[in-house]
Amino acid sequence: MRSLYRRQLTMMVSIMLISFTLLAGAFMLLSYRYIIGETRDSVKRNAGYISSFTSTYYRHYLTLDVQDEFYSSYMASIAMISNSHVIVADGAGKILYSTDGSHFYQYEDSQLPEGLVTQVLNEGSYNGMTNLGGIYPERRYMSALPVTNQVGPLPVIQGMVLVAASASNLSEMWASTATIFFFSAVVVFLISVIASTLTSAYQTRPLNEMAEAARKFGQGEFDVRVTGYEDRGDEVSDLAEAFNSMANSLEKVESQRAEFIANVSHELKTPMTTIAGFAEGILDGTIPPERERESLEIVVSETRRLSRLVRRMLDLSRLNALAESTVTAQETFDLTEVMSRVLISLETKITDRQLDVEVQMPEDKLMVWGDPDSITQVCYNLLDNAAKFAAPGTAISIQITKKDGKAHTNIRNLGATIPPEELPLLFERFHKADYSRSMDREGVGLGLYIVKTILGNLKENITVTSEDGVTQFHFTLTLA
């Protein structure tokens, strides 16, 4: 498997190699052309100087004395300054004089190539690479111009001058330039590789740590976190933060799962132990016949409790599935009608506990958005909870008002005060306040959790307060 570090490093190195190759090719071509161009311009310019000087010399002395010290010194100076060879020939191409500034060469019996002479005479100049038909051992860049004077009405070519630059000098200059570029490119390439290596390692290290943490998650270690990247301020920092947030959620889910299993085990164990104990007592005669009916009633009560627990767990599973897949489908319905139906269904329980009901609801219909069946369950659970824990002979208060586009429902009962530390826990699964365990034999601790889940799916809120024996639940629904 190729790591991200290797892939990124390979990609960066490849890009740099291709870039330097293209840049080197372009630089070498441009530099070579520049050097050739500079040399061409130099020899052409020097050839023009010598041609002009020789033409003036002809006009002044009517002949060309190449042995003249003044003339030869001038030629030698130009040759030395331009680092080139200077050749002077007559109009037929016979070489009369040649110098490189330091030495004078005897080419009296040498003849310039016929093609070069013809081009100079016909076209007025020659520029190119040549060894002058073997006069030079290697090819040199050559520029030739005629020496012309006006004799009467006609121009007369009295000779020609040539300036030759050694190609070896050009190659050395180009090689020196290429060497400097190559050395610089190698240094830059090495620095880039090192920087790319450090950058790749800097970017991939947190990813490797996250991968290792994910593997530990798979092994059940949910306390692992990726730290040390909070101050980077880049995408890796955001990823590390999101990863740790996910880890916190996973740890919380695992904790809730373990707590859920423990609570379910406890809630199932208690009634099953009671049922088994009374059943065995009846079968082995431990319970006398006159108490068998009482025992069977307890068995039936615990069986119904088991049934309620399973039913609530199925409701909870359905609600969680809805929350994970999509928001509960909503429609408009009359909240006052739903609340009235729930009150009628709980009439017997309210009457048995000698409770009064105080209702403050709008006389007209109060249309809200939501799922009627789910809100019916919310109202039933809250009213049933209020009736269950209200002190006998007191009143249950129901108040529904409209404010800021919301329907606000308050359900209040008078009974024992719930401790402040218990209030945030009321909506958790299987939670039952300590004060209620002895009086709430029928509850399974899922009612308020289901209420919270239903309203959460509808993007609504529910709160609870308990002071001086008055406990109040408040939830909202959006007006239609």
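Preceding block: the structure.
Residues numbered from 1 in each chain as written. Predicted model: local features only at pLDDT ≥ 70, side-chain atom pairs only at ≥ 80, totals over all residues. Heavy atoms only, no water.

(A) Spatial organisation of a nonpolar patch on the surface. Taken together, the side chains of M11, M12 and I15 present a nonpolar region at the surface, about 260 Å² in accessible area. As for its position among the elements, I15 is in helix α1 (residues 4–61). (Patch = residues over 30% accessible without salt bridge, like charges linked within 9 Å, V, L, I, M, F, W, Y side chains within 5 Å. Areas by Shrake-Rupley, 256 points an atom, 1.4 Å probe, with all protein chains shown as cover. Salt bridge = Lys/Arg side-chain N within 4 Å of Asp/Glu carboxyl O. Helix = DSSP H or I, 4+ residues; strand = E, 2+ residues; numbered from the N terminus.)

(B) Region of the structure containing the sheet that holds strand β11 (residues 462–467). The strand order across the open sheet formed by 5 strands is β7-β9-β10-β12-β11, and the pairing between neighbours is mixed. In this open sheet, the two strands that pair with only one neighbour each are β7 (356–360) and β11. Each strand axis lies, on average, 15 degrees off the axis of its neighbour in the sheet, ignoring direction. Examined bridge by bridge, β7 and strand β9 (residues 395–403) share 5 bridges and lie parallel to one another. Within the sheet, the bridge partner assigned to D356 lies in β9 and is A395. (Pairing = 2+ DSSP bridges. Axes fitted to C-alpha atoms, helices over the stretch in contact; angles between N-to-C directions.)

(C) Representation of the nonpolar core within the structure. Core analysis: the biggest nonpolar cluster contains 41 residues, and L382 and L383 have the highest contact counts within it. Looking at this core, the elements with two or more residues in it are α7 (335–345), α9 (372–389), β9, β10 (406–414), α10 (447–457), β11 and β12 (470–478). Of the residues forming this core, the biggest block, 7 residues, is contributed by α9. Non-local contacts of L383, meaning those with residues more than four positions away in its chain, are made with M339, V342, L343, L346, I396, I398 and I411. Counting residues in each nonpolar core, the second largest holds 20 residues, with Y57, Y58, A79 and Y97 among its members. (Core = buried A, V, L, I, M, F, W, Y, C linked by side-chain atoms within 4.5 Å. Buried < 20%, exposed > 50% of the residue type's maximum accessible area, 1.4 Å probe, protein only. Contact = heavy atoms within 4.5 Å.)

(D) Broad picture of the pairing of strand β1 (residues 85–90). Most of β1 sits out of view: 5 of its 6 residues are buried. Inspection of the sheet shows β1 paired to strand β5 (residues 154–166) by 6 bridges, in the antiparallel sense. Residue pairing for β5: A89 is matched across the bridge by M160. By the bridge criterion, 4 bridges tie β1 to strand β2 (residues 95–99) in an arrangement that is antiparallel. The residue bridging I87 from the neighbouring strand is S98, located in β2. Counting the residues between successive antiparallel strands, the hairpin from β1 to β2 contains 4 residues, one of them, G93, with a positive phi of roughly 100 degrees.

(E) Quick peek at the packing of aromatic side chains. Using the criterion set out here, one finds 7 aromatic pairs in the structure. Ring geometry for F53 and F70: centres 5.6 Å apart, planes at 55 degrees, overall tilted. In this pair, F53 sits in helix α1 while F70 sits in helix α2 (residues 69–82), placing the two residues 17 residues apart along the sequence. Relative accessible area serves as the criterion here: at 53%, F70 is assigned to the exposed category. Plain terms: the ring middles of Y71 and Y97 are 6.3 Å apart, the flat faces sit at 65 degrees to each other, and that makes the pair edge-to-face. With Y71 in helix α2 and Y97 in strand β2, the pair connects residues that are 26 residues apart, well separated along the chain. Take Y71 and Y97: they sit in the same class, and that class is buried. Taking the ring centre of Y136 as reference, the NZ or CZ of R140 above it sits at 4.2 Å. (Phe/Tyr/Trp six-rings, centres within 6.5 Å; stacked < 30°, edge-to-face > 60°. Lys NZ or Arg CZ within 6 Å of the ring centre and 35° of its normal.)

(F) Representation of the packing of α9 against α10 within the structure. Put simply, α9 and α10 touch, their axes get as near as 9 Å, and they point 145 degrees apart. Helix-helix and strand crossings are classified by hand; for α9 and α10 the assignment is left-handed. In this structure, α9 contributes S374, I375, Q377, V378, N381 and L382 to the contact, and α10 contributes G447, L448, I450, V451, I454 and L455. Looking at side-chain class alone, the contact of α9 with α10 contains 8 nonpolar, 4 polar and no charged residues. (Left-handed = near helix turned anticlockwise from the far one by under 90°. Nonpolar A, V, L, I, M, F, W, Y, C, P; charged D, E, K, R; others polar.)

(G) Focus on the sheet that holds β5. Spatially, the 5 strands line up as an open sheet ordered β2-β1-β5-β4-β3, and their pairing is antiparallel. Looking along the sheet, the strands with just one partner apiece sit at the ends: β2 and β3 (126–130). When the angles between neighbouring strand axes are averaged without regard to direction, this sheet yields 20 degrees. Pairing of β3 with strand β4 (residues 140–151), which is carried by 5 bridges, proceeds in the antiparallel orientation. Note on β4: the bridge partner recorded for G128 is M142. The strands touched by α2 within the sheet are β1 and β2, with β2 carrying the most contacts at an inclination of about 50 degrees. Relative to β5, helix α3 (residues 114–123) is tilted by about 130 degrees, and along the sheet it contacts β3, β4 and β5.

Such coordinate-based values are descriptive only and should not be taken to indicate function.
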